[in-house]
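Inside the fold
What follows is each chain in one-letter form.
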Amino acid sequence: MVRKLAYSVSEREHWISGLGGLIGILIVAVVSQASGGSLLVAASMGSTAVLLFAMPHGAVSQPWPVLGGHLISAVIGVTCARWLGHDPALAAALAVGGAIAAMYLLRCLHPSGGATALFAVVGGDAVHALGYGYVTGPILLGAVVLVLVAIVYNHPFAWRRYPQAWARDRTCETGQADTGANEKCMIPHSALVYALSQIDTFVDISEADLQRIYALAMGHPIPVETTDELQPQSAA
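What this report covers is the structure whose coordinates are included nearby.

Topic: the overall build of the chain
The secondary structure content of the chain amounts to 12 helices and 0 strands. Evaluated residue by residue, the chain yields a buried proportion of 33% over its 236 residues. Nonlocal contacts in the chain, meaning residues at least 24 apart in sequence, comprise 70% of its contacts between residues at least 6 apart. With an accessible surface of roughly 14100 Å², the chain has 67% of that area assigned to carbon and sulfur atoms.

Take a look at the structure:
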């Protein structure tokens, strides 16, 4: 059931996402080579490309998590590498753990930030030689370029609202003629906050998308096969 929900997207979306990732990383590589004379792209930019082009609505895919998450993680990673370079294992572990805690604190949780912090420690002599230039060089450059490419690339596709803060979601807009549609969207903000607090784990979906999913689900009949899947299994 979880697998069907997570991958219930069209084949068209598969190709759009893949092409976006190709274009994004290609531009990062070209810009990196043009600005520094050599190709140095952090491996974490690959996972960021997956988030920006395959999951553009995700909370962790928005500009602040991408930029803030990468930058704070890079700073922590370089610091650990410089002060704990004699013990790479400890430096790597502290870099990733510290990056996660810092991203939570600054509300910029981005999965690729963990890889950015780790790469600062285990990236080899070329990365270590950069020092804190690693932060303003391959990391800041790559993150900014990917965000800009994502904004431009996702814009022509109406269903890909990126960044979400710029989009106007009319699904639950007040003042619609159909009051029944409005009632389907009436999940109070406080109720959503309470429900998420009870789950007590990070959920990568925006409030607007939660409201939209609820509205669409309430206005669409449940297929028989889906209903059967939700029924508890009888004892043998």
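Thoughts on the side chain of Ser17
Tracing the backbone shows Ser17 in helix H2 (residues 11-36). Here the side chain of Ser17 touches Arg160 through a polar contact of 2.8 Å, side chain to side chain. Setting aside chain neighbours within four positions, we find Ser17 in contact with Phe53, Ala54 and Arg160.

Regarding the packing of helix H5 (residues 88-105) against helix H6 (residues 112-122)
H6 packs onto H5 with a crossing angle of 155° between their chain directions and a minimal axis gap of 8 Å. Relative to H6, the element H5 is oriented roughly antiparallel. For the crossing formed where H5 meets H6, the hand is right-handed. Between H5 and H6, the contacting residues are Pro88, Ala91, Ala92, Ala95, Val96, Ala99 and Met103 on the first element and Gly113, Gly114, Ala117, Leu118, Val121 and Val122 on the second. Classifying every residue of the contact of H5 with H6 by side-chain character gives 11 nonpolar, 2 polar and no charged.

Topic: the pattern of salt bridges
The tally for this structure, following the rule as stated, stands at 1 salt bridge. Residue Glu13 is joined to Arg160 by a salt bridge in which the shortest nitrogen-to-oxygen separation is 2.8 Å. Highlighted residues: Glu13 in helix H2 and Arg160 in the loop between helix H8 (133-154) and helix H9 (179-184), separated in sequence by 147 residues. The burial state of Glu13 is the same as that of Arg160; both residues are buried.

Considerations on the nonpolar core
When a protein is soluble and globular, its nonpolar side chains tend to lie buried together. Formed by 24 residues in total, the largest nonpolar core has its most connected members in Leu52, Phe53, Tyr134, Ile139, Leu146 and Tyr162. Of all the secondary structure elements, the ones that give two or more residues to this core are H2, helix H3 (44-54), helix H4 (63-83) and H8. It is H8 that provides the largest number of residues to this core, a total of 11 residues. Setting aside residues up to four positions removed in sequence, Leu52 forms contacts with Ser61, Val66, Leu146, Val147, Ala150, Asn154 and Tyr162. Residues Ile76, Ala81, Cys108 and Val121 belong to the second largest nonpolar core, which totals 13 residues.

Points about a nonpolar patch on the surface
On the surface, a nonpolar cluster with roughly 380 Å² of combined accessible area is contributed by Leu19, Leu22, Leu26 and Val30. Considering the arrangement of structural elements, one finds Leu19 in helix H2. Assessed through its relative accessible area of 44%, Leu19 is described here as partly exposed.

What about the packing of H3 against H6?
Close contact between H3 and H6 brings their axes to 8 Å; oriented N to C, the two are set at 175°. Comparing the axis directions of H3 and H6 gives the class roughly antiparallel. Contacts between H3 and H6 involve Ser44, Ser47, Thr48 and Leu51 from the first element and Ser112, Ala115 and Thr116 from the second. By residue class, the composition of the contact of H3 with H6 is 2 nonpolar, 5 polar and no charged.

Structural notes on H3
Taken as a whole, H3 has its buried residues at Ser44, Met45, Thr48, Ala49, Leu51, Leu52 and Phe53. Packing partners of the buried residues in H3 comprise H2, H4, H6 and H8.

What about the packing of aromatic side chains?
Counting across every chain of the model gives 4 aromatic pairs. Relative to Tyr153, the ring of Phe53 lies with its centre 5.7 Å away and its plane at 80°, an arrangement referred to as edge-to-face. Note that Phe53 is positioned in helix H3 and Tyr153 in helix H8, a separation of 100 residues in sequence. Assessed through its relative accessible area of 13%, Tyr153 is described here as buried. Between Phe157 and Trp159, the aromatic rings sit 5.4 Å apart at their centres with planes inclined by 50°, giving tilted as the arrangement. These aromatic residues form a ring-pair network of at least three members: Phe53, Tyr153, Phe157 and Trp159.

Definitions and limits used
- Per chain, the residues get numbers from 1 upward, laid out in the order the sequence is written.
- For a predicted model such as this one, the threshold for reporting local features is a pLDDT of at least 70, and the threshold for listing and counting side-chain atom pairs is 80 or more; totals across whole chains, interfaces and linings nevertheless cover every residue.
- Side-chain metrics rest on all non-hydrogen atoms present in the structure, leaving aside hydrogens and water.
- Here a helix means four or more residues in a row that DSSP labels H or I, a strand means two or more in a row labelled E, and each is numbered from the N terminus.
- Only protein chains enter the calculation, and the probe is 1.4 Å; a residue is then buried if its accessible area is under 20% of its type maximum, exposed if over 50%, and partly exposed in between.
- By definition in these notes, contact holds between two residues if any of their heavy atoms fall within 4.5 Å.
- Under the convention used here, a 1.4 Å probe and the Shrake-Rupley method define accessible areas, while residue burial counts only the protein chains that appear.
- N or O atoms within 3.5 Å of each other form a polar contact, as long as, within protein, one can give a hydrogen and the other can take it, and as long as residues adjacent in sequence are counted only when both atoms are side-chain atoms.
- The angle between two axes is taken between their N-to-C directions and runs from 0 to 180 degrees, where each axis is a line fitted to C-alpha atoms and a helix contributes only its stretch in contact.
- Angle categories are assigned with fixed cut-offs, so that under 35 degrees is roughly parallel, over 145 is roughly antiparallel, 65 to 115 is roughly perpendicular, and the rest are oblique.
- By convention, the crossing between two helices is left-handed when the near helix turns anticlockwise from the far helix through less than a right angle, and right-handed when the turn is clockwise.
- Under the grouping applied here, Gly and all other residues not named as nonpolar or charged are polar, the nonpolar ones being Ala, Val, Leu, Ile, Met, Phe, Trp, Tyr, Cys and Pro and the charged ones Asp, Glu, Lys and Arg.
- The working definition used for a salt bridge is a side-chain nitrogen of Lys or Arg within 4 Å of a carboxyl oxygen of Asp or Glu.
- For this analysis, a nonpolar core means a set of buried residues of the types Ala, Val, Leu, Ile, Met, Phe, Trp, Tyr and Cys, connected via side-chain atoms within 4.5 Å.
- A residue counts toward a patch only above 30% relative accessible area and without a salt bridge, and it is joined to like-charged neighbours within 9 Å or, for Val, Leu, Ile, Met, Phe, Trp and Tyr, to nonpolar neighbours within 5 Å.
- When the centres of two rings from Phe, Tyr and Trp lie within 6.5 Å, Trp using its six-membered ring, the rings pair. Their planes under 30 degrees apart give stacked, over 60 give edge-to-face, and anything left gives tilted.

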